[in-house]
Amino acid sequence: MCGIVGYVGNQKAAPFLIEGMKRLEYRGYDSAGIATIENGEFKVIKRVGRVSNLEKENLFQLQSTIGIGHTRWATHGGVTDANAHPHTSECIALIHNGVIENYDSIKNMLMYEGYHFKSETDSEVLCYLIDYYYKYKAEPLKDSVRHALQKVHGTFGIVVMSNKDPNTLIAARRGSPLICGLGTKEAIVASDVSAIISRTKNVVYLNDNEFAIITPDTFELRTIEDDEQVNVKVDSVNWNIEDSDMGKYSSYMEKEIYEQPKALKNAMRGRFSEDVSNTKFGGLNLTAEELKKVKRIIFCGCGTALHACLVTEYLIEKFARVPVECEYASEFRYKNCPVDENTLFIVMSQSGETIDTLSALREAKQKGFKVLAINNSVGSSIAREADGGIYQHVGPEIGVASTKAFTSQVLIGSMLALYLARQRDMSYDEGVKFVETLKTIPKIVRSFLDNKKEIEKIKQIAQKYSDCTSMYFLGRLSLHPIAMEGALKLKELSYIHAEAYPSAEMKHGPIALVNDKFVAVIISSKDMLLKNVSSMQEIKARGGNIIAVLTDDISILKELTDDVITIPACDGSILPIMATIPLQLLALYAAQHKGCDVDKPRNLAKSVTVE
Ligand code: BG6
């Protein structure tokens, strides 16, 4: 997904655009560009690569108090300067986040009208279509944008300006997130609040099919279809810009790994019942009676969020005895699952903007499901469209590979399992014990992260295996999704091929790959050890290498492992969270040792807002 930002006010626009684009760069970093209006002419500076490349240009010469900026995650057209945004015509400059599906037919119409294209992008087609209405139909800017958008199929978050009207920005959305920050005699439009809150915390979240006419002093919201006025609802952002600074850490990912004790505490804050035998959630919008009637739960998510769904499936089935299914959000809409009225639909999404998960939510609502969202972004599309939900409250997550959002999603999953279990057969005493256990997790994670000796050992192990070509992560029961998360982290960050299996599944095929170059990471607690030992023996018997992640109440036979990472022993309900931390660090250190950019891994983006 791309990051888009626009500024109109009484200050020079360029510095704000650059600062905003840096904060949005985790959304896409193939190329970056800005456009301002200098003496009635567009000034466009765009380059392949990072925002920092633009800073090498003499931006100080830009005096304009209006401008637009873009960081790209390529969809249509290669990673070239020409395909970088902003795109301009004679009168219009545009930045776009999303995909125009019918751009080809529109392009043919425009070429017939004499337009010559400089790029391969769908976005340039939209720019020229607006120009067509503006120049040949002589329509005011807002109507040119509106009529052009009525012609396009697909998703968009756009900001448009005209060199004939250097005091107005037009912003519009359908499917891609767009927020406008209202300051004093200035306004900033952006894909997310991190690019806005250094200037103001007063924000307006645009809904689908709305567009805004923005000047330094005025903000007007209207519908694209009928040009009707829309009431403006101003929200206030509840976190500070410092929360999204890297501080003393070498990367946002490292910072967010070390923030997990605090993040887990925040995710639990104020969510235990007075009698401390249960959890409580303020935003479910479902009565206890409605929840008690639930006979089946379907979870949906993408990437790391799906792994959190899979751990929660295990915990809800174990403690609340309610059948749970987990679906890839990208498949759910097209799968046409059988439904019945006692089925609850829950989506998990850190960003709340992942289009596959948003589409699954919309499909579930169409089918009459009650939809809950476990989400970390207040005001996100998923948060606003779900019937109810649980906010994660872990603060902004900037590192593209998810860490604190994952462990807090698993924690909230455990808390939901307790809530549903206490409604069913779990006793008061069992509930009190479960709550006490949950409250211990921030301290246990802190004790592990403060264990310098163990952290240093993980660094050594990561460096030792960083040139291997592939790794297999094995775990049983609730630790199988954790093995999947470990494999995903290693793939995302170090580009080492990795797969995950339930430990015993090895002997049904993957064991064919075992030789002296083969590396397996086996995650186990004491009660799962016996079963995992047989998998270790099968791998060792064929010369494979084993990194064991074991709780500290286990003493294992030396010859069964090559390297051991020890984690604090803890209750099975919170073990998945504890076992994740060393796998996050293993991937981080392997990637750092290989010189990979851990915050902006190649080809990835923090939230994917195109299908
Ligand atoms: C991917 C991110 O784009 O989307 C992953 O790189 C993330 O880290 C996945 O897990 C789902 O994102 P979200 O925001 O819906 O949880």
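Parameters at a glance
- Residues numbered from 1 in each chain as written.
- Predicted model: local features only at pLDDT ≥ 70, side-chain atom pairs only at ≥ 80, totals over all residues.
- Heavy atoms only, no water.
- Helix = DSSP H or I, 4+ residues; strand = E, 2+ residues; numbered from the N terminus.
- Rg over C-alpha atoms; globule rule 2.2 N^0.38 Å.
- Buried < 20%, exposed > 50% of the residue type's maximum accessible area, 1.4 Å probe, protein only.
- Contact = heavy atoms within 4.5 Å.
- Areas by Shrake-Rupley, 256 points an atom, 1.4 Å probe, with all protein chains shown as cover.
- Axes fitted to C-alpha atoms, helices over the stretch in contact; angles between N-to-C directions.
- Parallel < 35°, antiparallel > 145°, perpendicular 65-115°, else oblique.
- Left-handed = near helix turned anticlockwise from the far one by under 90°.
- Near = heavy atom within 4 Å.
- Polar contact = N/O pair within 3.5 Å; in protein donor to acceptor, adjacent residues only side chain to side chain.
- Nonpolar A, V, L, I, M, F, W, Y, C, P; charged D, E, K, R; others polar.
- Core = buried A, V, L, I, M, F, W, Y, C linked by side-chain atoms within 4.5 Å.
- Domains from an automatic or database assignment.
- Pairing = 2+ DSSP bridges.
- Buried area = accessible area lost by both parts, 1.4 Å probe.
- Salt bridge = Lys/Arg side-chain N within 4 Å of Asp/Glu carboxyl O.
- Phe/Tyr/Trp six-rings, centres within 6.5 Å; stacked < 30°, edge-to-face > 60°.
- Lys NZ or Arg CZ within 6 Å of the ring centre and 35° of its normal.
- Expected span 1.5 Å × (residues − 1).

Asker: Help me understand the overall build of the protein chain in this model?
Answerer: Scanning the protein chain from terminus to terminus reveals 18 helices and 24 strands. The C-alpha atoms of the protein chain give a radius of gyration of 26 Å, which matches the 25 Å a tight globule of 611 residues would have. The dimensions of the protein chain, computed from C-alpha atoms along their principal axes, are 80 × 55 × 40 Å. The buried share of the protein chain, reckoned over its 611 residues, is 63%. The contacts in the protein chain between residues at least 6 apart in sequence include a share of 70% that link residues at least 24 apart. Carbon and sulfur atoms provide 50% of the accessible area of the protein chain, an area that totals close to 23200 Å².

Asker: What am I meant to see in the packing of helix 15 (residues 452–465) against helix 18 (residues 575–593) here?
Answerer: Angle between the axes and distance between the axes: these two values describe a pair of packed helices. At their nearest, the axes of helix 15 and helix 18 sit 8 Å apart, and the two run at 50° to each other. With respect to helix 18, the axis of helix 15 lies oblique. Taken as a pair, helix 15 and helix 18 cross one another with a handedness that is right-handed. Residue-level contacts link I455, I458, K459, I461, A462 and Q463 of helix 15 to P582, L585, L586, Y589, A590 and H593 of helix 18.

Asker: I would appreciate a short explanation of the site of the ligand in the present structure.
Answerer: The environment of the ligand is formed by 14 residues, the closest being S349, Q350, S351, T354 and A605. Here an oxygen atom of the ligand and a backbone polar atom of A605 are 2.8 Å apart. Protein burial of the ligand: of its 390 Å² of free accessible surface, 92% is covered by the chains. Tallied by class, residues from the shell around the ligand come to five nonpolar, seven polar and two charged.

Asker: Explain the nonpolar core to me, please; I cannot follow it from the model alone.
Answerer: In summary, soluble globular proteins display a tendency toward joint burial of nonpolar side chains. By size, the foremost hydrophobic cluster in this structure holds 92 residues, and its most contacted members are I297, F299, I316, F473 and L585. With 13 residues, the top contributor of residues to this core is helix 18. Shared between two domains, this core takes at least three residues from each, and those domains are domain 2 (262–449) and domain 3 (452–594).

Asker: When you look at the sheet that holds strand 11 (residues 202–205) in this model, what are you seeing that I'm missing?
Answerer: Each strand in a sheet pairs with its neighbour through backbone hydrogen bonds, running either in the same direction (parallel) or in the opposite one (antiparallel). Taken in spatial order, the eight strands line up as 3-2-4-1-10-9-11-14 in an open sheet, and their pairing is antiparallel. Of all the strands in the sheet, just strand 3 (41–48) and strand 14 (235–236) have a single pairing partner and so form its edges. With four bridges connecting them, strand 9 (residues 179–182) and strand 10 (residues 187–190) associate as antiparallel partners. Pairing of I179 across the sheet is with A190, part of strand 10.

Asker: What should I look at first to understand the domain arrangement of the protein chain in this one?
Answerer: In many reports, interface size means the accessible area that the parts give up when they come together. Once the domains are mapped, the protein chain shows domain 1 (3–244), domain 2 (262–449) and domain 3 (452–594). Domain 1 and domain 2 are separated by 35 Å when their C-alpha centres are compared. Taken residue by residue, the interface counts 14 residues in domain 1 and ten residues in domain 2. For the domain 1 and domain 2 pair, buried surface summed over both sides reaches about 1000 Å², with 56% attributable to carbon and sulfur atoms.

Asker: Would you mind showing me how to read the pattern of salt bridges here?
Answerer: A side chain with one charge may pair with a side chain of the opposite charge, provided their charged atoms come close. Scanning the entire structure with this criterion turns up 36 salt bridges. Across the pair K367 and E363 runs a salt bridge whose closest N-O atoms are separated by 3.4 Å. Given a relative accessible area of 33%, K367 falls into the partly exposed group. Across the pair K517 and D516 runs a salt bridge whose closest N-O atoms are separated by 3.7 Å. Judged on exposure class, the residue K517 and its partner D516 are both exposed. Beyond isolated ion pairs, a larger network of salt bridges with shared partners links K142, D143, R146, E220, R222 and D227.

Asker: Is there a simple way to think about the sheet that holds strand 15 (residues 296–301) in this case?
Answerer: Pairing is parallel in the open sheet, where five strands are placed in the order 16-15-17-18-19. Each having just a single partner strand, strand 16 (324–328) and strand 19 (388–391) make up the two edges of the open sheet. With direction set aside, neighbouring strand axes in the sheet form an average angle of 20°. Relative to strand 18 (residues 370–375), strand 17 (residues 343–349) runs parallel, the two sharing six bridges. Its bridge partner being in strand 18, I346 is matched across the sheet by L372.

Asker: Which parts of the structure should I look at to understand the packing of aromatic side chains?
Answerer: In this description, an aromatic ring pair is defined by two values, namely the gap between the centres and the angle between the planes. Considering all chains together, one arrives at 14 aromatic pairs under this definition. Look at F319 and F434: their rings are 4.9 Å apart centre to centre, the planes differ by 70°, and that puts the pair in the edge-to-face class. One end of the pair, F319, is in helix 9 (residues 303–319); the other, F434, is in helix 14 (residues 428–449), with 115 residues separating them in the sequence. When its relative accessible area of 21% is taken as the criterion, F319 is described as partly exposed. Residue F434 is classed as buried on the basis of its relative accessible area of 5%. Cluster of aromatic residues (ring-pair linked, three or more members): Y115, F117, Y128, Y132, Y133 and Y136. It is K107 that lies over the ring of F117; its NZ or CZ is 5.0 Å from the centre. Over the face of the ring belonging to Y495 we find R602, whose NZ or CZ atom lies 3.9 Å from the ring centre.

Asker: Explain the environment of N209 here, please?
Answerer: Along the chain, the position of N209 falls in the loop between strand 11 and strand 12 (210–214). The class of N209 is partly exposed, set by a relative accessible area of 34%. Distance in space between the C-alpha atoms of N209 and K433 is 49 Å, their sequence separation being 224 residues.

Asker: Would you mind showing me how to read the packing of helix 7 (residues 260–268) against helix 13 (residues 404–422) here?
Answerer: Contact geometry for helix 7 and helix 13: axes closest at 9 Å, N-to-C directions at 35°. The crossing of helix 7 and helix 13 is right-handed. Across from Q260, A263, L264, A267 and M268 in helix 7, the residues of helix 13 making contact are K404, T407, S408, L411, I412 and M415. Looking at the contact of helix 7 with helix 13 residue by residue, the classes come out as seven nonpolar, three polar and one charged.

Asker: Just to check I follow, could you spell out helix 11 (residues 355–366) for this structure?
Answerer: With twelve residues, helix 11 should reach 16 Å at 1.5 Å per residue; the first-to-last C-alpha distance of 16 Å fits that figure. Taken residue by residue, helix 11 has I355, T357, L358, S359, A360, L361, E363 and A364 as its buried positions. Where the residues of helix 11 are buried, they touch strand 15, helix 10 (329–335), strand 17, strand 18 and helix 12 (381–385).

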